[in-house]
Every structure is written in C-alpha cells, then in structure tokens.
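# Topology and contacts: notes
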Amino acid sequence: MALSTSAEGVSADRRARSVGVGRAHAKAVLLGEHAVVYGAPALAVPVPQLTVTASVHSPRHGGDGPGEVSFTMTGSPSRPMVAQATDGLRRLIGEFTATMGLADSPRLEVTIDGGIPHGRGLGSSAACARAVVHALAELYDREVTERETFDLVQTAENLAHGRSSGVDARAVGALAPLLFQRGEVQELSIGCYDVLVLADSGVVGRTKDAVELLREGFQRHTGAQERFVDRAAGLTEQARLALADGRPEDLGARLTDYHDLLRAAGLSTNAIDTLVEAALTAGSLGAKITGGGLGGCVLALTRREQAAEVTRELHAAGAVRCWTVPLKGPDEHAC
Ligand SMILES: Nc1ncnc2c1ncn2[C@@H]1O[C@H](COP(=O)(O)OP(=O)(O)O)[C@@H](O)[C@H]1O
Ligand SMILES: C[C@@](O)(CCOP(=O)(O)O)CC(=O)O
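Residues numbered from 1 in each chain as written. Chains lettered and ligands numbered in written order. Predicted model: local features only at pLDDT ≥ 70, side-chain atom pairs only at ≥ 80, totals over all residues. Heavy atoms only, no water.

The subject of this paragraph is the UniProt feature "domain: GHMP kinase C-terminal" (unreviewed entry) in the protein chain. When the UniProt feature table is mapped onto this chain numbering, "domain: GHMP kinase C-terminal" (unreviewed entry) sits at residues 242–318. Taken end to end, residues 242–318 comprises 56% helix and 14% strand; its first and last C-alpha atoms sit 30 Å apart. (UniProt positions renumbered as here; feature names shortened; annotations may be inferred. Helix = DSSP H or I, 4+ residues; strand = E, 2+ residues; numbered from the N terminus.)

Taken together, the neighbourhood of ligand 2 is formed by 16 residues, with Lys27, His34, Ser165, Thr207 and Gly292 sitting nearest. Lysine 27 is positioned such that a nitrogen or oxygen atom in its side chain is 2.8 Å from an oxygen atom of ligand 2. In this structure, serine 165 approaches ligand 2 through a side-chain N or O atom, which is 2.5 Å from an oxygen atom. In isolation ligand 2 exposes 380 Å². Once the protein is present, 97% of that is buried. Here the residues of the shell around ligand 2 sort into 4 nonpolar, 9 polar and 3 charged. (Near = heavy atom within 4 Å. Polar contact = N/O pair within 3.5 Å; in protein donor to acceptor, adjacent residues only side chain to side chain. Areas by Shrake-Rupley, 256 points an atom, 1.4 Å probe, with all protein chains shown as cover. Nonpolar A, V, L, I, M, F, W, Y, C, P; charged D, E, K, R; others polar.)

Looking now at the pairing of strand E1 (residues 19–31). In terms of burial, E1 is largely enclosed, as 12 of its 13 residues are buried. Where E1 lies against strand E2 (residues 42–57), 12 bridges are found, and the strand directions are antiparallel. Looking at the pairing, lysine 27 lines up with proline 46 of E2. (Buried < 20%, exposed > 50% of the residue type's maximum accessible area, 1.4 Å probe, protein only. Pairing = 2+ DSSP bridges.)

Between two packed helices, what matters for the description is the angle formed by their axes and the separation of those axes. The contact between helix H8 (residues 248–264) and helix H9 (residues 270–281) brings their axes to 12 Å, and the two run at 165 degrees. By the angle class used here, H8 and H9 are roughly antiparallel. In the packing of H8 onto H9, the handedness of the crossing is left-handed. Residue-level contacts link Thr256, His259 and Arg263 of H8 to Ile272, Asp273, Val276 and Leu280 of H9. Here the residues of the contact of H8 with H9 sort into 3 nonpolar, 2 polar and 2 charged. (Axes fitted to C-alpha atoms, helices over the stretch in contact; angles between N-to-C directions. Parallel < 35°, antiparallel > 145°, perpendicular 65-115°, else oblique. Left-handed = near helix turned anticlockwise from the far one by under 90°. Contact = heavy atoms within 4.5 Å.)

Before going further, it helps to examine helix H7 (residues 224–245). Its 22 residues place the ends of H7 32 Å apart at the C-alpha level, agreeing with the 32 Å of an ideal helix rising 1.5 Å per residue. Of all the residues in H7, the buried ones are Ala224, Phe228, Val229, Ala232, Leu235, Thr236, Ala239, Ala242 and Leu243. Across the axial projection of H7, the buried residues extend over an arc of 155 degrees, all falling on one side. Summarising the geometry of H7, the exposed residues directed more than 90 degrees from the buried face are Arg227, Asp230, Ala244 and Asp245. The inward-facing, buried residues of H7 contact E1, E2, strand E8 (192–200), helix H6 (207–220), H8 and strand E11 (321–328). (Expected span 1.5 Å × (residues − 1). Arc of directions from axis to C-beta.)

Now for the state of the cysteines. Applying the stated criterion across every chain yields a total of 0 disulfides. No disulfide involves cysteine 128; its sulfur sits 16 Å from the nearest other cysteine sulfur, which is in cysteine 297. Residue cysteine 128 is classed as buried on the basis of its relative accessible area of 11%. Unpaired in this structure, cysteine 322 has its nearest cysteine sulfur neighbour in cysteine 297, at a distance of 8.8 Å. (Disulfide = S-S within 2.5 Å.)

This part is about the packing of helix H2 (residues 83–99) against helix H4 (residues 146–161). Following both chains from N to C, one finds H2 and H4 inclined at 150 degrees, their axes separated by 8 Å at the closest point. One finds that H2 runs roughly antiparallel with respect to H4. When you trace H2 past H4, the crossing you get is right-handed. Contact residues: Asp87, Gly88, Leu89, Arg91, Leu92, Glu95 and Phe96 in H2; Leu152, Val153, Thr155, Ala156 and Leu159 in H4. Broken down by class, the residue content of the contact of H2 with H4 amounts to 7 nonpolar, 2 polar and 3 charged.

Our next topic: the environment of glycine 183. Tracing the backbone through its elements, the reader meets glycine 183 in the loop between strand E6 (178–181) and strand E7 (184–187). For the pair glycine 183 and valine 36, spaced 147 residues apart in the sequence, the C-alpha separation amounts to 9.9 Å. Residue contacts for glycine 183: discarding those within four places in its chain leaves Arg147, Phe150 and Arg170.

Okay, the domain arrangement of the protein chain next. If you check the domain split of the protein chain, you get domain 1 (19–184) and domain 2 (189–326). Taken together, the 33 residues of domain 1 in the interface contact 42 residues of domain 2. With both chains or domains summed, domain 1 and domain 2 bury close to 2,900 Å², and 68% of this area falls on carbon and sulfur atoms. When residues of domain 1 are sorted by the area they lose upon contact with domain 2, His34, Tyr38 and Arg120 head the list and together hold 26% of the total. Between the two partners, domain 1 and domain 2, sit 2 salt bridges. Among the ionic pairs, arginine 120 bridges to aspartate 200, the shortest N-O distance being 2.9 Å. The interface formed by domain 1 and domain 2 includes 12 residue pairs in polar contact (both at pLDDT 80 or more). Sorting the residues of the side of domain 1 that touches domain 2 by element identifies E1, E2 and H4 as the ones contributing at least two each. Considering each element in turn, the side of domain 1 that touches domain 2 owes the most residues, 7 residues, to E2. (Domains from an automatic or database assignment. Buried area = accessible area lost by both parts, 1.4 Å probe. Salt bridge = Lys/Arg side-chain N within 4 Å of Asp/Glu carboxyl O.)

Right, here's the structure in full:
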C-alpha cells in the first residue's frame, strides 16, 4: 500500500531568495512505544494541528570553505536553540550536503517556528528534523525520496534519543494512522473512528533517559526484556485488529492495558496516572501515557460526543492543555 506522506513543493520565488521552507507535524503513539525500539510493532497517529516550520536561509549560497550553521527558535523573544536539540540537526545538514553531492559546507541560518511543545511525547525533535530536510530540499531544489528523508531524520534522532526506533521519523510525515515495525510502515485503512483527547501534563519528559532506564532494567532482570516486548507486541496486535474491525471498546481496553505495562516499567508519573484515571472516570474508552514517558502527555480514546466532558475533567485533574485529534483514515476528510 502506498504511504501518504506530506511533502513540500519547491517555490521558485524562495529559491531566488535563497530560502527553503519545510513543515512537519506532531505525532502520538497509540501503542507500542519503547517495545518498538526492540523490534516490536507500534501504532502511531499524526497530530496535524500541531506543526513546526523550518526556514533555511543561505546568505552566501554556495559559499567557500566550511560553513557555520546557526539555529534560532521564533517566539517572543526569539532565542537560540539548546545544543541538545541542534547537535542532531547539524549532523543531519552535514549528511544532506554529503548525500546530495553539494561541494562545500554552506553557511546557513535555520529558523524553527515551533508549534509543538518539546518533551511531551509528541515527536518534536523528529518533526523539527523532518521540517529541516524539506527546507533543505527546497533550498537546493533537490528531490528527496521518503527513504532518504527517513534516513536523514534518523541521523538527528539517533543522536537525540541514543537509539531511535524510527517510528517518530515516519509518523511526523504521515497523513494517516500507521503500523510501524523495523523501519517499515503500513498505512491503516480505517474509516471515521472515535477521537483521541491528548492532555499535556505540563511536565517535560525525557525520552533518552526513559529509553536508558528501561534498558538498564532489562540488563538487571533476566528475561524482563522478552516479557515486556512479548506483552507489548501482543497488545499492539490486538489493538490493530480492534481498530481494523471497528471495535472501539476493545481498542480502549488495550490502551489502558498498555498504560499499566508502561507504569509497571516505571515510565509513568503520579501526575500522568491522575490524568489517566480522570479520563476513564469521565467516560473515555481507554487511556494511557504516550511517547517516551517520565512526563509528557496522556492520550484518551473517547466517543466524539464525550470529548468536551473528558477535556473538562482532564483540565480539572491538572492538564495544562488538551487537543482533540480525529482518529481517521487518509480518505476520511469529513470526519
Ligand atoms: N527549543 C528547545 N529547547 C529545549 N529543548 C529542545 C528545544 N527543541 C527541542 N528540544 C529537544 O527536544 C527533545 C525532546 O524531543 P523528543 O526527544 O523528540 O521528545 P518529544 O517527542 O517528547 O518532544 C528534548 O530532549 C530537547 O533536547
Ligand atoms: C519511546 C519511543 O518508543 C518513542 C519516543 O517518542 P517521543 O520522542 O517521546 O515522542 C522511542 C523510540 O521509538 O525511538
């Protein structure tokens, strides 16, 4: 099945001004986070209402000698980005210029207009990286395939996460829910489903630390990795079938089961558990932490007509902001 990805067109106008612009959106992992790092499948959904835009400006297009790359985040006031966030992007840009056969390292000014809060399990670093790849492609008028884009985003992600599965790299460019496993994706053909209410706990999670925490636990306890990955893969497969067959109650139950699995592994927090309980009490079909964990967001599968009530209860339980994300296939424009 062909995968729908968001792509950026080349604007002759921008080329003349030596500026390339690229965009990507946030994502949420429905099920499978962490286990996906060990080769298990994951289900992920695009979050199209949260986007990031990268503008890459080349003040001396084709400049001589090794170039400098500066990074700025817009906002009031605009600010330089932290090294933790820019190291991977620098490596990505180096890889892009080498892969595309560009002679010299250019001098570049990268501006990130970020509408995706970072450290919330929403794929902010992958979205930034993907937006930069699209911007570079536009700036240099190069065709970049989906595979090349994935590899470039992974160059940055592997630095940010230590070892990244690649699910974020794919999902932040996808137009529909997808099943991801070992770099390969399958777009899920579902109709209009219920909605996901995403609630931000306001606490910055640390994906790299969370991945490391789990790995250390696996090293200390014989068989723990196999047990975790088998249970996670089983739940993800059951959820995939429930999604395909239109069984929202079963999908919801598997989400909550997956939350319990992550919580048992030490990846949840009290604030997150409170939000999960609040969503379930308010009528959500299932709820869980999403992404790297140790903070971040809760995702709650909710009947459309109950989304407002669930959102109210999540705010009352401490959520700093909520988003309602339609769960729908690529051709369901009227959902
Ligand atoms: N402007 C910024 N200020 C601080 N950190 C940033 C910024 N932009 C991106 N980051 C980085 O983004 C990372 C979070 O991205 P990521 O690991 O993808 O997690 P998430 O998907 O939860 O956002 C943080 O570790 C941080 O280094
Ligand atoms: C925990 C993990 O499965 C997902 C991380 O998601 P995020 O970066 O926290 O949005 C890590 C990975 O897949 O590389």
